[in-house]
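Secondary and tertiary structure notes
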Amino acid sequence: MSPQNKIIVWEFSFYYDSHQALKMVNLSIRANEIFAIFGPARSGKTTLLKSLNRLTDLVYGSSHTGTILLDGDDIYDPKQSLTQLRRRVGIVFDLPIPLPMSIYDNVVYGPRLRGTTQKGLLDETVEKSLRSAVLWEEVKDRLQTSALRLSGGQQQRLCIARILALEPEVLLLDEPCSGLDPISTTSIEETLTRLKKEYTIILVPHNIQQASRVADRCGFFLNSELIEEGPTYQLFTSPKDQRTEDYITGRFG
Ligand SMILES: Nc1ncnc2c1ncn2[C@@H]1O[C@H](COP(=O)(O)OP(=O)(O)OP(=O)(O)O)[C@@H](O)[C@H]1O
Ligand SMILES: [Mg+2]
């Protein structure tokens, strides 16, 4: 294993009952990169993201074969703590839904559940997380107002800040810009580019243009299979597989 590999997915297959949603996926994700997973609807992108922090465990009748390693440790090993895994690998979904409470309370919700009560520590977490999510300057004077009064883009960054407050190592983002206007989309993309200095980011982009703007490397999924992966520039300019080329040139999907 190369020391810079944060996550290794090895011969990983996933089934919802008899439906195979991932077929023998092999993939390495490096520390401090943005890796984009793109492909047509139902190709298995969300299933892969959810498998990476075992959210798929919740699906009745699902099963998998193969291995996923996080820093060399098998995340499906029964000895692994699920709570610890979910803390290390945070996930943000497409529809940002802050809790119906203040901006401040949203950010410290997770840390409070974990038992942090000291106001000084919570204040510090709020500022640090909101700064990292590039939201601090916009909300620092109204932390006690309802999070539901923020714009869609701000709510999405708040949801990212909530995850950051738990100090994860890996961030999984499933179409974080769907439904956002171009200005909010740009601020989320800038946020991700800053965050990769500290975190490993796996992103299902809103579209392939977003992948080409922010990702260091990309993987193209089709019909439950990883067809091709590589550095973003190479994948978009000289794909190796005809199916990748057909997809990025808009011949299907
Ligand atoms: N909870 C579930 N139970 C049964 N089948 C599911 C479940 N979730 C997803 N699937 C099926 O697994 C396949 C892959 O779905 P997945 O959501 O991973 O695709 P996706 O690439 O994220 O698609 P989209 O671009 O539409 O978000 C689809 O055929 C889907 O219908
Ligand atoms: Mg999806």
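Everything discussed here concerns the structure shown above.
Read on for a plain summary of the structure. Since the model is a prediction, treat every value here as computed from it, not as a measurement. (Residues numbered from 1 in each chain as written. Chains lettered and ligands numbered in written order. Predicted model: local features only at pLDDT ≥ 70, side-chain atom pairs only at ≥ 80, totals over all residues.)

1. Considerations on helix α4 (residues 119-132)
For the record, the criterion: Helix numbering and strand numbering both begin at the N terminus, where a helix is a DSSP run of H or I of at least 4 residues and a strand a DSSP run of E of at least 2. Helix span, expected: 1.5 Å multiplied by one less than the number of residues in the helix. Partly exposed residues are those whose C-beta has more than 12 but fewer than 20 other C-beta atoms within 10 Å; 20 or more makes a residue buried and 12 or fewer makes it exposed, with C-beta atoms placed from the backbone. Directions from the helix axis toward the C-beta atoms define the arc. Each residue gets a C-beta atom placed from its backbone, and two residues are in contact if those atoms lie within 7 Å.
Along its 14 residues, α4 runs 20 Å from first to last C-alpha, staying within 8% of the 20 Å computed at 1.5 Å per residue. When we look at burial in α4, the residues that qualify are T125, V126, S129, L130 and S132. On an axial view of α4, the arc spanned by its buried residues comes to 155°, and they lie on one face. Facing away from the buried side of α4, by more than 90 degrees, are the exposed residues G120 and E124. Its buried side turned inward, α4 meets α3 (103-113), α5 (136-139), α6 (152-164) and α7 (182-195). Backbone geometry just downstream of α4 places V134 in the positive-phi region, at approximately 55°.

2. Structural notes on unusual backbone geometry
Positive phi values are uncommon outside glycine, yet V134 reaches one of about 55°. In this fold, V134 is placed in the loop between α4 and α5. Notably, S224 is not glycine yet its phi reads approximately 75°, a positive angle. Turning to its location among the elements, S224 is positioned in the loop between β9 (217-222) and β10 (225-231). Exposure remark for S224: the 21 C-beta atoms within 10 Å place this residue in the buried category.

3. Notes on the site of ligand 1
We count it as follows: As used in this record, a residue near a molecule or strand is one whose C-beta atom, placed from the backbone, is within 6 Å of it. Charged means Asp, Glu, Lys or Arg here, nonpolar means Ala, Val, Leu, Ile, Met, Phe, Trp, Tyr, Cys or Pro, and polar covers whatever is left, Gly included.
Inspection of the region around ligand 1 gives Y16, H19, A21, A41, R42, S43, G44, K45, T46, T47 and V59 as its neighbouring residues. Counting only elements with at least two residues in the shell around ligand 1, the list comes to β2 (19-30) and α1 (45-52). No other element matches the three residues that α1 contributes to the shell around ligand 1. For the shell around ligand 1, the class distribution of residues is four nonpolar, five polar and two charged.

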